[in-house]
Amino acid sequence: MSKKILVVDDEKVIVKGIKFGLEQDDIEVEVAYDGEEAIEKTKEMTFDLIVLDLMLPKMDGLEVCQQVREFSQVPIIMLTAKGDDMDKIMGLEYGADDYMTKPFNILELKARIKAIFRRQLVQTQSSEEVEQDIMDVGDLKIEFSSRRVYILNEEVNLTAKEFDLLELLVKNPNKVFSRENLLNIVWGYDYPGDVRTVDVHVRRLREKIESNASDPKYIHTKWGVGYFFQNKQGH
């Protein structure tokens, strides 16, 4: 089944180039030239992925990303014209799955897109084989096949990467994973980001599932080593 991607950028030459490149791979491409149009189209249609520029008229890419995350977990690749690390970190903070700095090669963008689709396929296949579909730990309930998380029966909206991270830690309780390990397992060996990506996601995950993110019950830090999952009852 062919994939459908939304490309959001106000530079029409870039949009045209990306659209042409993706259509060569039989990907259906919709386009939007400003932030508001991007939100409208994401609400009207179902996309497999969004390529989203940071600098947009009407509403910037970070705001678009934040709003989309309120109703959709569609993977988002953020495009930024600056090489500034802060932009990349901010993109991840707001729920982007990956980022690329302009100017970029269309072949690299295609490779990033394929990597995301490949991981999704592996995750779908492995979640079908999960022997234990639902796990209850303290106030936390995780449904692996539907990829849903609840705290005190209230659903918590996690991004795809936040869920992947939580699933890995939960299924390996008390096992300490280094940040490099987590980056390789959850994001893939070909992921160009660094370990701060892991820290950003752990922080966001704690803010969502912990009653007190600074004194976590579930996701703990082993200083100088990495992160591990443990249910600290009675805290």
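All residue numbers refer to position in the chain's written sequence, counted from 1. The predicted nature of this model means local features are confined to residues of pLDDT at least 70 and side-chain atom pairs, given and counted, to a pLDDT of 80 or more, with totals for whole chains, interfaces and linings taken over all residues. To obtain the side-chain values, all non-hydrogen atoms of the structure were included, while hydrogens and water were left out.

Student: Explain the packing of aromatic side chains here, please?
Tutor: The geometry of an aromatic ring pair is captured by two quantities: the separation of the ring centres and the angle between the planes. Note on aromatic pairs: the rings of Phe, Tyr and Trp (six-membered ring only in Trp) are paired at centre separations within 6.5 Å, and the planes decide the class, stacked below 30 degrees, edge-to-face beyond 60, tilted for the rest. On inspection of all chains with the given rule, the structure shows 1 aromatic pair. Ring geometry for Tyr218 versus Phe229: centroids 5.9 Å apart, planes at 10 degrees, classification stacked. Taken as a pair, Tyr218 in the loop between α8 (196-209) and β11 (219-222) and Phe229 in strand β12 (residues 226-229) lie far apart in primary sequence, 11 residues in all. With respect to class, Tyr218 is no different from Phe229; both count as buried. Residue placement shows Lys141 over the ring face of Tyr150; its charged tip is 5.6 Å from the ring centre. A run of H or I in DSSP counts as a helix once it spans at least four residues, and a run of E counts as a strand once it spans at least two, with each numbered from the N terminus. For every residue, the accessible area (1.4 Å probe, protein chains only) is compared with the maximum for its type, and the residue is labelled buried under 20%, exposed over 50%, or partly exposed between those bounds. Look at NZ for Lys and CZ for Arg. If either is within 6 Å of the ring centre and within 35 degrees of the ring normal, a charge sits over the ring.

Student: Honestly, the pattern of salt bridges in this entry has me stumped. Any pointers?
Tutor: Any two side chains of opposite charge can pair if their charged atoms end up close together. Here, a salt bridge means any side-chain nitrogen of Lys or Arg that lies within 4 Å of a carboxyl oxygen of Asp or Glu. Inspection of the entire model under this criterion finds 23 salt bridges. The residue Lys102 makes a salt bridge to Asp9 at a minimum N-O spacing of 2.8 Å. One end of the pair, Lys102, is in the loop between β5 (98-101) and α5 (106-128); the other, Asp9, is in the loop between β1 (4-8) and α1 (12-23), and 93 residues separate them in sequence. On the basis of relative accessible area, Asp9 is assigned to the buried category, the value being 0%. Across the pair Lys161 and Asp164 runs a salt bridge whose closest N-O atoms are separated by 3.5 Å. One end of the pair is Lys161 and the other is Asp164, both in helix α6 (residues 160-170) and 3 residues apart, which spans about a single turn. Note on accessibility: Lys161 and Asp164 belong to one class, buried.

Student: Got a minute to help me understand the environment of Lys208 in this structure?
Tutor: Within the secondary structure, Lys208 sits in helix α8. For the pair Lys208 and Met78, spaced 130 residues apart in sequence, the C-alpha to C-alpha distance is 23 Å. Throughout, a contact is declared for two residues whenever any of their heavy atoms are within 4.5 Å. The residues touching Lys208, leaving out its near neighbours within four places in the chain, are Ile151, Val156, Asn157, Leu158, Thr159 and Glu162. In protein, a polar contact means a hydrogen-donor-capable atom and an acceptor-capable atom, both N or O and within 3.5 Å, with residues adjacent in sequence counting only if both atoms are side-chain atoms; elsewhere, any N or O pair within 3.5 Å suffices. One polar contact links Lys208 to Glu162, side chain to side chain, over a distance of 2.7 Å.

Student: Any chance you could explain the nonpolar core here in plain terms?
Tutor: We call a set of buried residues a nonpolar core when its members are Ala, Val, Leu, Ile, Met, Phe, Trp, Tyr or Cys and they connect through side-chain atoms within 4.5 Å of each other. Among the nonpolar cores identified, the biggest contains 52 residues, and Leu52, Val149, Leu166, Ile209, Ile219 and Phe229 are the most heavily contacted of them. With 6 residues, the single largest contributor to this core is α6. Domain limits in this description derive from either an automatic procedure or a database domain assignment. Per-domain counts for this core show at least three residues from each of domain 1 (4-122) and domain 2 (134-229). Those residues within four positions of Leu52 in sequence are excluded, and the remaining contacts are Val8, Gly61, Val64, Cys65, Ile76, Ile77, Met78 and Leu79. In terms of nonpolar packing, the next biggest core, distinct from the first, is built from 17 residues, Val7, Ile18, Val51 and Leu109 among them.

Student: Hey, could you run me through the domain arrangement of the protein in this one?
Tutor: Frequently, the measure chosen for interface size is the accessible area that the parts lose on association. Annotation of the protein at the domain level lists domain 1 (4-122) and domain 2 (134-229). When each unit is reduced to the centre of its C-alpha atoms, the spacing between domain 1 and domain 2 is 24 Å. Each partner contributes residues to the interface: domain 1 has 17 residues there, and domain 2 has 17 residues. The buried area of a pairing is the accessible area, by a 1.4 Å probe, that goes missing from both parts when the two are put together, added over both. Between domain 1 and domain 2, a total of about 1400 Å² is buried, with carbon and sulfur atoms accounting for 44% of that surface. Ranking the residues of domain 1 by area buried against domain 2 places Gln73, Glu93 and Arg119 at the top, with a combined share of 36%. Here domain 1 is connected to domain 2 by 0 salt bridges. Our enumeration of links across domain 1 and domain 2 arrives at 3 residue pairs in polar contact (both at pLDDT 80 or more).

Student: Any chance you could explain the pairing of strand β4 (residues 76-80) here in plain terms?
Tutor: Strand residues, when the strand is regular, have side chains that alternate between the two faces of the sheet. Burial runs high along β4: 5 of the 5 residues are buried. The alternating pattern of β4 places Ile76, Met78 and Thr80 on one face and Ile77 and Leu79 on the opposite face, and all of these are buried. Between any two strands, at least two bridges found by DSSP are needed for them to pair. Looking at chain direction, strand β3 (residues 49-53) and β4 are connected through 4 bridges and run parallel. Opposite Ile50, over in β4, you have Ile76 as the bridge partner. Handedness of the β3-helix α3 (residues 61-69)-β4 crossover: right-handed. Across 4 bridges, the pairing between β4 and β5 is parallel. Considered in β5, the bridge of Ile77 is made with Asp98. We call a crossover right-handed when, viewed with the strands running away from us, the connection from the first strand over the helix to the second turns clockwise.

Student: I would appreciate a short explanation of the sheet that holds strand β8 (residues 148-151) in the present structure.
Tutor: Adjacent strands of a sheet form backbone hydrogen bonds with each other and so pair up, either parallel or antiparallel. Strand order in the open sheet formed by 4 strands is β6-β7-β8-β9, and the pairing between neighbours is antiparallel. The open sheet terminates on both sides in strands that have one partner only, identified here as β6 (134-137) and β9 (154-156). Here the average twist between neighbouring strands, direction ignored, is 25 degrees. Throughout, an axis means a line fitted to C-alpha atoms (over the contacting stretch in the case of helices), and angles, computed between N-to-C directions, take values from 0 to 180 degrees. Along the sheet face, α6 touches β6, β7 (140-143) and β8 and points at about 105 degrees away from the line of β7.

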